[in-house]
Amino acid sequence: MDATITTEASPTEAPAPAELVNNQKMTARKVDVFYGDKQALFDVDLDIHEHQVISLIGPSGCGKSTFLRCLNRMNDTIDGCRVTGAIELDDQDIYEKSIDVVEIRARVGMVFQKPNPFPKSIYENVAYGPRIHGMTRSKAELEEVVVTSLQRAGLFEEVKDRLESPGTGLSGGQQQRLCIARAIAVSPEVILMDEPCSALDPIATAKIEELMDELRTNYTIVIVTHSMQQAARVSQRTAFFHLGYLVEEGETDQIFTNPQDDRTHDYITGRFG
Amino acid sequence: MFLALLIALIAVFVVAYLLGASRARALSGGDPARLHSLPSYHGSYVAIAAALPAFLLLIVWSIAAPIIADRMVLGQFTDAIAGMTQPEAEAFLRDARAIAFGGIVGFTDATKEAAAEFYSGIRTTTNTILILIMAALALGGGYLATRSQTAEKRTRQVVERVMMIVLIACSVVAILTTIGIVLSLIFESIRFFQKVPFTEFLFGLQWSPQTALRADQVGSAGAFGAVPLFVGTLLITTIAIAVAAPIGLLSAIYLSDYAGKRFRAAAKPVLEVLAGIPTVVYGFFAALTVAPFFRRSGEAVGLTVSSESALAAGIVMGIMIIPFVSSLSDDVINAVPQTLRDGSAGLGATKSETIRKVILPAALPGIVSALILAISRAIGETMIVVMAAGLAANLTINPLEAVTTVTVQIVTLLIGDQEFDSAKTLAAFALGLVLFGVTLVLNFIALRVVQRYREQYD
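Reading the values: the criteria
- Residues numbered from 1 in each chain as written.
- Chains lettered and ligands numbered in written order.
- Predicted model: local features only at pLDDT ≥ 70, side-chain atom pairs only at ≥ 80, totals over all residues.
- Heavy atoms only, no water.
- Helix = DSSP H or I, 4+ residues; strand = E, 2+ residues; numbered from the N terminus.
- Rg over C-alpha atoms; globule rule 2.2 N^0.38 Å.
- Buried < 20%, exposed > 50% of the residue type's maximum accessible area, 1.4 Å probe, protein only.
- Contact = heavy atoms within 4.5 Å.
- Areas by Shrake-Rupley, 256 points an atom, 1.4 Å probe, with all protein chains shown as cover.
- Lys, Arg positive; Asp, Glu negative; His and termini not counted.
- Charge placed at Lys NZ, Arg CZ, Asp CG, Glu CD.
- Pairing = 2+ DSSP bridges.
- Phe/Tyr/Trp six-rings, centres within 6.5 Å; stacked < 30°, edge-to-face > 60°.
- Expected span 1.5 Å × (residues − 1).
- Arc of directions from axis to C-beta.
- Polar contact = N/O pair within 3.5 Å; in protein donor to acceptor, adjacent residues only side chain to side chain.
- Domains from an automatic or database assignment.
- Buried area = accessible area lost by both parts, 1.4 Å probe.
- Salt bridge = Lys/Arg side-chain N within 4 Å of Asp/Glu carboxyl O.
- Core = buried A, V, L, I, M, F, W, Y, C linked by side-chain atoms within 4.5 Å.
- Axes fitted to C-alpha atoms, helices over the stretch in contact; angles between N-to-C directions.

Participant: Account for the overall build of chain A, with residues named and values stated.
Facilitator: The helix and strand tally for chain A stands at 10 helices and 10 strands. In terms of overall dimensions, chain A is globule-like: its C-alpha atoms have a radius of gyration of 19 Å, near the 19 Å expected for 273 residues. For chain A, the spread of C-alpha atoms along the three principal axes comes to 55 × 45 × 40 Å. Within chain A, the proportion of its 273 residues that are buried is 54%. Long-range contacts, defined here as pairs at least 24 residues apart, represent 66% of the contacts in chain A between residues at least 6 apart. Put simply, chain A shows about 11800 Å² of open surface, and 48% of that area lies on carbon and sulfur atoms. The average position of the 27 basic charges and that of the 42 acidic charges among the side chains of chain A differ by 6 Å.

Right, here's the structure in full:
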């Protein structure tokens, strides 16, 4: 960890607690994103701290998902998308030419809005990542990775007797946990979650939220959510986006109880959005 | 006559429509909301009531009137016909009709002249009756319909119901035609199998359908073992698929996942133009360009290649079916949800890894059915093989020799004047039946596979 970068994301941010200072896992500086001629993000500065959950909230179209997809260069797959500024992962610019995007995505995993298991068996879904990255040397080792990942995603007990049955046959909540297990299997350092519970019922949502809290000990998590209750429940820090600008970022408690910006206040009290 | 009445009916339809619509507007008193149905529905309602019964009558009459006239003539001239056989009686009626209404007359005599007179008498009477009834139906229908028009009249429901019936009638026509074709194939094939045993046809190794005119000529027996044709068809189809499957599939992958939007928009129609080239043009290409090229190349390396070879025909046929494979595969590959591509990319997979390990397995059922459809197309293809593969029924799997296929033999069996009671001609129907059976099964399998695939994502 480099200790020289200091947090200057927003002038309105409350001072971070002492034990959290200088443990940024990822930093974004002056990030602008364009889709063709249209600018979607303006000058975003944000720090993502290690072993924390950070929520990105804001009304639809505010750029929070766009920002999330910048963090593992998923925007590369969109035609006409251009990112400027600097995004660093452990002090390494991930948009630098010499960087291998495959390696970035292995280190920064992603869970999508809609559960998207591959039409393969549960086992093969989890084994997919380790296989393509050649992470295991033997079958036994691969099996261990699969089992551990499923255990960490809290799914193993439910599926241990049917690892060979198709992943698409699971329930929505189970599918989403399978996708989390799939992401964990490549041992990422950061996990990005794009509204991971929006397609799930409240019980499945509660399970995933519980899971996020456990995963925090090993991983750094960035979650985009439309549910402010969810942001309040799962995250240590919260960032509020509006119309492509990062309006305010700070500790979750502070954002929800004592927002510094009027727009944040209006949004979390339900006056717009 | 029929055409004139049809045009008159169309005129009735248009007039009745305008009448009904304007009456509806008058009923609404300037406020369209007072009507239950729109004026256009009222117009259609009156038009249908006026024209449809008369139209149905016209159709039934056109089919039934000649039959009834024949019966009446036969009843009138029982004495003359008593001594005739069935074909002779038919010839008699045909000649009488030809004398009455124009046409080619075999020969004429007094009885036929009388019959012809009788025919034209019937025709004049029936036409008058027909026109009168149709006019009555049109006027009566139109009158009753306009009488029943009120602001509350639910003409929309009536029109929708009639529309549905018309649509059903059209589909029934298509289905009945198919059934008719299949039945005629089956009946002619049964006649063939009465002359040639079923087992000999399916398992015989000798194909030589030429039967001599006189019993003492060479090869007079004729041999109807279709195995050489089946093998030839299989050989050419295999070569065609070996060409079309890789090229079609790989170009589909390029188009769906690698090509830019603009290139894709331009390239896909161009590729599909291949499907629009008439097969006879492919035939020229195969016979005049590809086959000689293979022969020369073969000679250069010391191989004997006949000037009409299975290889040339198969490769050109493969080129012909590339668009089937590529277009259908492109569709199924595109149908694989973007979320799967994202999911794979999000785990750090490269594009080719994503395609090999996620997209292709997911799209496999669709790709298989695309290939099956291409195969059934290749099996049924005729022109290319007629021109480039030859006519010799060699039992061989050497692609450098001339072979012949089921379709080519059907063509050669039916070219020119034919007697439709010899085994030689009837063999064409048996071959057609086999061909139909095979492609039907293949298409059925392909459609089933596609259906199961669709259920997975929708």
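Right, picking up where we left off after that structure.
Participant: Before we move on, can you summarise the overall build of chain B with the specific residues and values?
Facilitator: On a plain count of helices and strands, chain B comes out with 16 helices and 2 strands. In summary, chain B has a C-alpha radius of gyration of 31 Å against a globular reference of 23 Å for 458 residues, an excess of more than 25%. Here the C-alpha coordinates of chain B stretch approximately 85 × 80 × 35 Å along the principal axes. Counting only residues that meet the buried cut, chain B has 38% of its 458 residues in that class. Contacts in chain B between residues at least 24 apart in sequence constitute 72% of all its contacts with a sequence separation of at least 6. As displayed, chain B offers around 24400 Å² of accessible surface, 69% of which is attributable to carbon and sulfur atoms. Side-chain charges in chain B split into 31 positive and 29 negative, and the spacing between the mean points of these groups amounts to 13 Å.

Participant: Would you mind going over the sheet that holds strand 4 (residues 81-89) of chain A in detail, with residue names and values included?
Facilitator: Residue and element names in this part refer to chain A. Taken in spatial order, the 4 strands line up as 2-1-4-5 in an open sheet, and their pairing is antiparallel. Looking at strand neighbours, the two that pair on one side only are strand 2 (38-49) and strand 5 (92-93), the edges of this open sheet. One ladder, built from 8 bridges, connects strand 1 (residues 24-35) with strand 2; its direction is antiparallel. Within strand 2, the position partnered with Ala-28 by the bridge is Leu-46.

Participant: Would you mind going over unusual backbone geometry in detail, with residue names and values included?
Facilitator: Residues and elements named next belong to chain A. In this model, Asp-43 sits at a positive phi of 50°, which is unusual for a non-glycine residue. With respect to the helices and strands, Asp-43 occurs in strand 2. Of note, Arg-73 is a non-glycine position whose phi angle comes to about 60°, a positive value.

Participant: Provide a residue-level description of the packing of aromatic side chains, including the pertinent values.
Facilitator: Residue and element names in this part refer to chain B. Counted under the stated rule, the structure contains 15 aromatic pairs over all chains. Aromatic side chains Phe-192 and Phe-193 sit 5.3 Å apart centroid to centroid with 65° between the ring planes, which places their arrangement in the edge-to-face category. You can call Phe-192 buried: its relative accessible area is 0%. Judged by relative accessible area, Phe-193 falls into the partly exposed class, the value being 21%. Between the aromatic rings of Phe-193 and Phe-198, the centroid separation amounts to 4.9 Å while the plane-to-plane angle is 75°, which identifies the pairing as edge-to-face.

Participant: Can you explain the environment of A:Gln254? Please cite residues and give values.
Facilitator: Positionally, A:Gln254 belongs in helix 9 (residues 252-257). For A:Gln254 and A:Arg237, which are 17 residues apart along the polypeptide, the C-alpha to C-alpha distance reads 8.9 Å.

Participant: Mind laying out helix 7 (residues 202-215) of chain A, listing which residues take part and the relevant values?
Facilitator: All names here are of chain A. Compared with the 20 Å implied by 1.5 Å per residue over 14 residues, the 20 Å span of helix 7 between its first and last C-alpha is a close match. If you check which residues of helix 7 are buried, you get Ala-204, Thr-205, Ile-208, Glu-209, Leu-211, Met-212 and Leu-215. Seen along its axis, helix 7 keeps its buried residues to an arc of 160°; they face one direction. For helix 7, the exposed residues lying more than 90 degrees away from the buried face are Pro-202, Ile-203 and Glu-210. Contacts from the buried residues of helix 7 go to strand 3 (53-57), helix 4 (139-152), helix 6 (172-184), strand 7 (190-194), strand 8 (220-224) and helix 8 (228-234). Sitting at the head of helix 7, Asp-201 places a side-chain oxygen 2.9 Å from the backbone nitrogen of Ile-203.

Participant: Summarise the domain arrangement of chain B; cite the residues concerned and give the values.
Facilitator: Taken domain by domain, chain B holds domain 1 (2-153) and domain 2 (223-457). The centre of domain 1 of chain B, based on its C-alpha atoms, is set 49 Å off from the matching centre of domain 2 of chain B.

Participant: Tell me about the interface of chain A and chain B, and please be specific about residues and values.
Facilitator: Taken residue by residue, the interface counts 22 residues in chain A and 19 residues in chain B. For the pair chain A and chain B, the summed buried area comes to about 1600 Å², and 63% of that belongs to carbon and sulfur atoms. Sorting the residues of chain A by area buried against chain B places A:Pro119, A:Tyr128 and A:Ile132 first, and these three jointly supply 32% of that buried surface. Taken together, the links from chain A to chain B amount to 0 salt bridges. Elements with a contribution of two residues or more to the side of chain A that touches chain B: helix 2 (101-107), strand 6 (108-111), helix 3 (122-132) and helix 6 of chain A.

Participant: For the nonpolar core, give the residues involved together with the corresponding values.
Facilitator: Generally speaking, soluble globular proteins have nonpolar side chains that are buried together. Residue and element names in this part refer to chain A. In terms of nonpolar packing, the biggest core is built from 34 residues, with Leu-150, Ile-180 and Met-193 touching the most fellow members. For this core, the secondary structure elements donating two or more residues are helix 3, helix 4, helix 5 (156-159), helix 6, strand 7, helix 7 and strand 8. Not counting the four nearest positions on each side in its chain, Met-193 is found in contact with Leu-68, Val-111, Ile-180, Met-212, Ile-221, Val-222, Ile-223 and Val-224. Val-31, Leu-46, Ile-48 and Phe-112 belong to the second largest nonpolar core, which has 33 residues in total.

Participant: Tell me what's going on with the sheet that holds strand 6 of chain A, and back it up with residues and numbers.
Facilitator: Residues and elements named next belong to chain A. Taken in spatial order, the 6 strands line up as 6-7-8-3-9-10 in an open sheet, and their pairing is mixed. The outermost strands of the open sheet, each flanked by one partner alone, are strand 6 and strand 10 (245-251). Along the sheet, successive strands turn relative to each other by an average axial angle of 20°, direction set aside. Alignment of strand 3 against strand 8, held across 4 bridges, turns out to be parallel. Bridging from a neighbouring strand, Ile-54 pairs with Val-222 of strand 8. The strands that helix 6 touches are strand 6 and strand 7; relative to strand 6, the one it contacts most, it runs at about 170°.

Participant: Could you give me a rundown of the pattern of salt bridges, with the residues and numbers involved?
Facilitator: Applying the stated rule across the entire model yields 25 salt bridges over all chains. A salt bridge links A:Asp90 to A:Lys25, with the shortest nitrogen-to-oxygen separation between them at 3.0 Å. Note that A:Asp90 is positioned in the loop between strand 4 and strand 5 and A:Lys25 in strand 1, a separation of 65 residues in sequence. B:Lys268 is the partner of B:Asp330 in a salt bridge, and the nearest nitrogen-oxygen pair spans 2.9 Å. Of the two residues, B:Asp330 sits in helix 11 (residues 310-335) while B:Lys268 sits in helix 9 (residues 261-276), which places them 62 residues apart along the sequence. Residue B:Asp330 is classed as buried on the basis of its relative accessible area, which comes to 0%.

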